[in-house]
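Next come the chains, spelled out residue by residue.
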Amino acid sequence: RPHLHCIFWLCVGLAFNGGVWATLGPDSAIAWLDGYILEYLLSLDNVFFFHVIFKAYATPADQVYKGLFLGILGAVVLRLAFYCVGSGFFHLAYFVQVLFG
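Throughout what follows, the structure given in this document is the object of discussion. Keep in mind that this is a model prediction, so the values were computed, not measured. (Residues numbered from 1 in each chain as written. Predicted model: local features only at pLDDT ≥ 70, side-chain atom pairs only at ≥ 80, totals over all residues. Heavy atoms only, no water.)

Each aromatic ring pair is described using two quantities: the centre-to-centre distance and the angle formed by the ring planes. Applying the stated rule across the entire model yields six aromatic pairs. Where F50 meets F54, the ring centres are 6.0 Å apart and the plane angle is 20°; that geometry is what we call stacked. Of this pair, F50 and F54 both sit in helix α2 (residues 26–56), four residues apart, roughly one helical turn. By relative accessible area, which is 17% here, F54 ends up buried. In textbook terms, an aromatic cluster arises when at least three aromatic residues are bridged by ring pairs, as seen for F16, W32 and Y36. (Phe/Tyr/Trp six-rings, centres within 6.5 Å; stacked < 30°, edge-to-face > 60°. Helix = DSSP H or I, 4+ residues; strand = E, 2+ residues; numbered from the N terminus. Buried < 20%, exposed > 50% of the residue type's maximum accessible area, 1.4 Å probe, protein only.)

Moving on, we get to the environment of V12. Along the chain, V12 falls in helix α1 (residues 2–24). Measuring from C-alpha to C-alpha, the distance between V12 and L99 comes to 36 Å, with 87 residues separating the pair along the chain.

Before going further, it helps to spend a moment on a nonpolar patch on the surface. On the surface, F48, F49, V52, I53 and Y57 cluster together into a nonpolar patch covering about 550 Å² of accessible area. Within the secondary structure, V52 sits in helix α2. (Patch = residues over 30% accessible without salt bridge, like charges linked within 9 Å, V, L, I, M, F, W, Y side chains within 5 Å. Areas by Shrake-Rupley, 256 points an atom, 1.4 Å probe, with all protein chains shown as cover. Salt bridge = Lys/Arg side-chain N within 4 Å of Asp/Glu carboxyl O.)

It is worth spelling out the side chain of N17 at this point. Relative to the assigned elements, N17 resides in helix α1. In contact with N17, not counting residues within four places along its chain, are A29, W32 and L33. (Contact = heavy atoms within 4.5 Å.)

The computed volume of the largest pocket comes to approximately 790 Å³. For the largest pocket, the lining is made up of 19 residues, of which S43, N46, V47, F50 and I72 are closest to its centre. Secondary-structure elements contributing two or more residues to the lining of the largest pocket are α1, α2 and α3 (61–92). Per element, the largest residue contribution to the lining of the largest pocket is 10 residues, and it comes from α2. Looking at side-chain class alone, the lining of the largest pocket contains 13 nonpolar, four polar and two charged residues. (1 Å grid on protein atoms, 1.4 Å probe; cavity = no way out; pocket = protein on both sides within 12 Å on 5 of 7 lines; lining within 4 Å. Points joined across faces, edges and corners; volume = space filled by probe spheres on them. Nonpolar A, V, L, I, M, F, W, Y, C, P; charged D, E, K, R; others polar.)

Structure representation (structure tokens):
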């Protein structure tokens, strides 16, 4: 069952990429796919570290879901906050663009 869930979401992402290709062109679609693959690989890295942390602290099996849920929710919220703050800095001052490329 987990494999089917993963395959389903990969297909949803690729279908969205097809929509990006159709509406914005191949350059935007390739850039989006690069970002999608990078995020997918980073999420696999996170799964490994969650596993190591749960084993190191001997987390009970009934508490693993709660830890995963709160960890992923926290990561999404913090990532959104960093994107908003970073975007604000880029719009605030030109020198930030020069400094960070």
